[in-house]
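# Commentary on secondary and tertiary structure
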Amino acid sequence: MCRRISSLHQFNSRITGCVKGGDVEAARKVFDEMPQKNLVTWNCMISGYVRHEMIREAREVFDTMPSWNVMSWTAMVSMEGYFRHGMVDEAEELFDQAPVKSVSLYNAMLSGYVDMGYLEALRELFSRMCDRDVGSWTAMITFLSRAGDMESARVLFEDMLDKETVPWIAMIRGYIHNHRVEDARKLLTEMPHRETVAWNLMILGYVQNGRLEDALDLFTQMPRPNIVSWNSILQGYVQQGLVDEGWKYFEAMQNNWNLIPKPEHYACMVDLLGRSGLLAEAYELVKQLPVDLPAYTWETLLSCCRVDGNSGLRQFGSQKLVNRQLSNALASNINAAKGMWEDAANTQAIHNHSEFKKEVACSWLELKGQVCQFLSNEKSHHRMEDINADFCSWNECHVSYGWIGADLHFNLLAAMFNL
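Residues numbered from 1 in each chain as written. Predicted model: local features only at pLDDT ≥ 70, side-chain atom pairs only at ≥ 80, totals over all residues. Heavy atoms only, no water.

A few words now on the UniProt feature "repeat: PPR" (unreviewed entry) in the protein. UniProt marks residues 7-37, 38-72, 102-132, 133-167 and 195-229 with the feature "repeat: PPR" (unreviewed entry), using the numbering shown here. Across residues 7-37, helical content stands at 77% and strand content at 0%; the span's end C-alpha atoms are separated by 10 Å. (UniProt positions renumbered as here; feature names shortened; annotations may be inferred. Helix = DSSP H or I, 4+ residues; strand = E, 2+ residues; numbered from the N terminus.)

Here we take up the packing of helix α2 (residues 24-33) against helix α3 (residues 39-51). Across the interface, α2 lies against α3 with an axial gap of 10 Å and an inter-helix angle of 160°. Accordingly, the angle class assigned to the pair α2 and α3 is roughly antiparallel. The two elements α2 and α3 meet at a crossing, and its hand is left-handed. Counted together, V24, A27, R28 and F31 of α2 and T41, W42, M45 and Y49 of α3 form the full contact between these two elements. Considered class by class, the residues forming the contact of α2 with α3 number six nonpolar, one polar and one charged. (Axes fitted to C-alpha atoms, helices over the stretch in contact; angles between N-to-C directions. Parallel < 35°, antiparallel > 145°, perpendicular 65-115°, else oblique. Left-handed = near helix turned anticlockwise from the far one by under 90°. Contact = heavy atoms within 4.5 Å. Nonpolar A, V, L, I, M, F, W, Y, C, P; charged D, E, K, R; others polar.)

Within this structure, the stated rule accounts for 16 aromatic pairs. Seen from their ring centres, F62 and W68 are 5.6 Å apart, and the 35° between their planes marks the pair as tilted. Judged by its relative accessible area of 37%, W68 falls in the partly exposed class. Centre to centre, the rings of W247 and F250 are 5.9 Å apart; their planes meet at 80°, and the pair counts as edge-to-face. Of this pair, W247 and F250 both sit in helix α16 (residues 243-255), three residues apart, roughly one helical turn. Taken together through their ring pairs, the aromatic side chains of F219, W230, Y237, Y249 and W257 make up a single cluster. Against the face of F31 rests K37, its NZ or CZ located 4.9 Å from the ring centre. Above the face of the W137 ring, R132 is positioned so that its terminal group lies 5.3 Å from the ring centre. (Phe/Tyr/Trp six-rings, centres within 6.5 Å; stacked < 30°, edge-to-face > 60°. Buried < 20%, exposed > 50% of the residue type's maximum accessible area, 1.4 Å probe, protein only. Lys NZ or Arg CZ within 6 Å of the ring centre and 35° of its normal.)

For the structure on display, the rule yields 18 salt bridges. The partner of R56 in a salt bridge is E57, and the shortest N-O contact between them spans 3.2 Å. Overall, the relative accessible area of 53% leaves R56 in the exposed class. With a shortest N-O distance of 2.9 Å, R180 and D183 are connected by a salt bridge. On the accessibility criterion, R180 (28% relative accessible area) is partly exposed. (Salt bridge = Lys/Arg side-chain N within 4 Å of Asp/Glu carboxyl O.)

What follows concerns helix α14 (residues 212-221). Every buried residue of α14 is listed here: L212, A215, L216, L218 and F219. One side of α14 carries all its buried residues, which in axial view fall inside an arc of 165°. Pointing more than 90 degrees away from the buried face of α14 are the exposed residues E213 and T220. Contacts made by the buried residues of α14 are with α12 (181-190), α13 (196-208), α15 (227-240) and α16. (Arc of directions from axis to C-beta.)

Attention now moves to α2. Within α2, the full set of buried residues consists of V24, A27, V30 and F31. Down the axis of α2, the buried side of the element spans an arc of 120°, and every buried residue falls inside it. Opposite the buried face of α2, by more than 90 degrees, sit the exposed residues E25 and K29.

What follows deals with a negative patch on the surface. A cluster of acidic residues, D89, E90, E93 and D96, forms a negative patch at the surface. The topology assignment puts D89 in helix α6 (residues 88-97). The class for D89 is exposed, based on a relative accessible area of 59%. (Patch = residues over 30% accessible without salt bridge, like charges linked within 9 Å, V, L, I, M, F, W, Y side chains within 5 Å. Areas by Shrake-Rupley, 256 points an atom, 1.4 Å probe, with all protein chains shown as cover. Lys, Arg positive; Asp, Glu negative; His and termini not counted. Charge placed at Lys NZ, Arg CZ, Asp CG, Glu CD.)

On to the environment of G81. Structurally, G81 is set in the loop between α5 (70-77) and α6. Measuring from C-alpha to C-alpha, the distance between G81 and I46 comes to 9.6 Å, with 35 residues separating the pair along the chain. Not counting the four nearest positions on each side in its chain, G81 is found in contact with V50, I55, A75 and M76.

Close contact between α13 and α15 brings their axes to 9 Å; oriented N to C, the two are set at 5°. One element, α13, and the other, α15, form an angle in the roughly parallel class. Contacts from N200, I203, L204, V207 and Q208 in α13 reach V228, S229, S232, I233, Q235, G236 and Q239 in α15. Across the contact of α13 with α15, the residue classes tally to five nonpolar, seven polar and no charged.

Structure representation (structure tokens):
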């Protein structure tokens, strides 16, 4: 028995390892060759397919399982499963078939509805739950906050018997998201155990709303500021363009608090110098950095070079982007704007023949009582054909008048399309 269990464990570990390494075919080969399988084996294979967006194959494995457990059902309906592909009907059908609906399965459905923007379905499912945990309540609070209904979110929050840290954070984040900073601060004051994440969230909320003095005041009251706290303050100085003050706090991190700056802190300082027109200082700083800067920092500096004309920093930053295998469209555009057509062509060629990745833009819109999510280059919306038809006619009109280019963000179309 021990030998058989050990063998099963080894097989399951091999499947998991293949999946993590991106070789799903190898994982399936191991799966098919196994003389015996347990529930862990089946769930590993389903999760592997789901993780690599092979939902059809995941369902085939699920349908051939001799028995299921909570993990099996949850993997299929979660935000990595059906909901990730916009297959809400399939998720609901599978949920209804589950003989035992655990809290975790309910929460998977709630999270899916939150990300899809299905308010009524979310409320109906939440009302059907006999048992709710922190995740259930937080899902509802998060959705209502995103939709701007902080009053309903607060009612749910007050109805909770056991308020752990997570719902407090969700409420504070919701108030900040809706620019109700004073309500967020009041809730932070009422919080029985103010953990570091709550302090940092409030400091960042002040910074995002242009209230640097309030952020600094809260920062000084914080028992133990950490790396995230300092980063938020530096972001505030970037927004205000306060170079001297930013340098002061940046140096205080190391000299007074013995904190080693992270890449994001250096990024803030480079951003601050670049936006303030101090490109020479920014150039000297980046050449001496002991860490690699995030891509957005180089993009910010390259944007500054478009105006300033600092060719040394422009070429340095462009090469950094190439070496990091990140998006170089901005570098190509800057070179073209400066008349450096050969450099622009070279940069764009590297971009076109590499696997560069770019963050996907996203918008949340409330349309006819339903909160909808739209992504850049969206292709999975259930009314994609109607949207494309409107897009073509609307874009032809605008291009003919020279108002806007043909390459439009899907979010802009979503804003004008009456769903």
